[in-house]
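# Breakdown of the fold
Residues per chain are reported as follows:
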Amino acid sequence: MTIRAVLTGLTLAALGMSFLGALHPVGDSLAVFRVVIAGGLILLALMARGAWRLMLVGAGLAGIVSAAVHKWPGASPSPGSNYAVLYQKNVFHQNTDLMALAEDILVSNAQVVTLQEMAPQNDPLLARLQDAYPYQHLCRFSRGGTAVLSRVKPLSVAPCQKDYAMARITVDLGVGHPVDVMSVHLAWPFPDVQPVQVQDLLSDLQALDRPVLIGGDFNMVPWSHTLSSVARASGSRRVGAAQTTFKIGPLPISIDHVFAPDGGTTERRALLGSDHFGLRAILRPMDPDRKNPN
């Protein structure tokens, strides 16, 4: 057996395993790199012959398509309907342009803001936003902390959840019913602690009895089992098309997301001193009678 054949077999196995996150978290770790793995398989296939070439190219294309479908945008909210706007941002614990970020949040017309990596040195951002967002729930954790900011007074504020770095409030956004708004920051995938955090997150989401909006740095891609599980547990959908929000070296990945009951669209915002791009999510109208199905 040649080295090329061994390499092709390993690449094909890695691609297959990237679909098996439900069986073991290593599957979701590989899913982060699925497009790269699939592209590598296609290149290796070009050196194969006959039916093997067709099979390997087909497998590679299937892997790319499974990610590419998440690039399709969702339906835009109808003007004048009871939609909400949420601004999501991993601020970065060493942000160098907090005032520019504050101005971008202010012009976004967001009712609520979800922030991650809110280290103490980023507190001037909260101070600058105080007038527009007087209600600020900040939870400090080892990765800097998470926060939810609101223009209107929350109906309730949940205790900080350190197991998966969550801040949560319940607020009336004028959409016909109260909603929970959560800011989440998960760790890196397996072999880091993300799988353990996700189990805690799913358990808490299943216990909620009202619609939930989630903004966060999930450190996970849209086509993963992890994000599918979050959508099911929260009775929501990931909002908008997958967009590059972070880079691992030269590799662009989509790991910052917003979830809402009926989806919507997202606009990517500039880095503004962070290593993550922000998202302005325009959420589709919510059913006033909707409850979390869990």
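Our structure's up above, just so we're on the same page.
Conventions adopted
- Counting restarts for each chain, with residues numbered from 1 along the sequence as it is written.
- Local features in this predicted model are restricted to residues whose pLDDT is 70 or higher, and side-chain atom pairs enter the listing and the counts only when it is 80 or higher, whereas totals over whole chains, interfaces and linings include all residues.
- The side-chain numbers reported here are obtained from all heavy atoms of the structure, hydrogens and water having been left aside.
- For helices the rule is a DSSP run of H or I covering at least 4 residues; for strands it is a run of E covering at least 2, with both sets numbered from the N terminus onward.
- All radius of gyration figures rest on C-alpha atoms, and the globule criterion is 2.2 Å times the number of residues raised to 0.38.
- Throughout this description, buried means an accessible area under 20% of the type-specific maximum (1.4 Å probe, protein chains only), exposed means over 50%, and partly exposed covers the range between.
- The contact criterion used is simple: two residues touch if any of their non-hydrogen atoms lie within 4.5 Å.
- For two strands to be treated as a pair, DSSP must find no fewer than two bridges joining them.
- For helices, the fitted line uses only the C-alpha atoms of the stretch in contact; every axis is such a line through C-alpha atoms, and the angle between N-to-C directions lies from 0 to 180 degrees.
- The rule is simple: put a 1 Å grid over the protein atoms alone, call a set of points where a 1.4 Å probe fits but cannot get out a cavity, call an open set with protein on both sides within 12 Å along at least five of seven lines a pocket, and count a residue as lining if it has an atom within 4 Å of a point.
- Grid points are joined across faces, edges and corners, and a volume is the space filled by probe spheres set on the points.

Further remarks concern the overall build of the protein chain. The helix and strand tally for the protein chain stands at eight helices and 14 strands. The C-alpha radius of gyration of the protein chain comes to 20 Å, within 12% of the 19 Å expected for a compact globule of 294 residues. For the protein chain, the C-alpha atoms occupy an extent of roughly 65 × 45 × 35 Å along the three principal directions. For the protein chain, with 294 residues in total, the buried portion stands at 53%.

As a further point, take the environment of R53. Inspection of the secondary structure puts R53 in helix α4 (residues 50–68). Residue class for R53 comes out partly exposed when judged on its relative accessible area of 35%. Taking C-alpha positions, R53 is 10.0 Å from L43, a pair spaced ten residues apart along the chain. The residues touching R53, leaving out its near neighbours within four places in the chain, are A45, L46 and A48.

If you walk across this open sheet you meet the six strands as β5-β6-β7-β8-β12-β9, and the pairing is mixed. Only two strands of the sheet have a single partner each, and these edge strands are β5 (156–157) and β9 (237–238). Strand direction decides the pairing type here: strand β6 (residues 166–171) and strand β7 (residues 179–185), joined by six bridges, are antiparallel. What sits directly across from T170, in β7, is D180. Across the sheet, helix α8 (residues 225–234) touches β8 (212–217), β9 and β12 (256–260), and the angle it forms with β12 is around 25 degrees.

Most of strand β1 (residues 84–90) is tucked away, with seven of its seven residues classed as buried. By the alternation rule, side chains of β1 split into A84, L86, Q88 and N90 and V85, Y87 and K89, which are all buried. In the sheet, β1 pairs with strand β2 (residues 112–116) via five bridges, with the strands oriented parallel. Note on β2: the bridge partner recorded for K89 is L115.

Under the criterion given, the structure shown has two cavities of 30 Å³ or more. Here the largest cavity is characterised by a volume of approximately 50 Å³. In terms of lining, the largest cavity is formed by R238, V239, A241, A242, Q243, S254, D256, H257, V258, T266 and L279. Ranked by the residues each element gives to the lining of the largest cavity, the list is headed by β12, at three residues.

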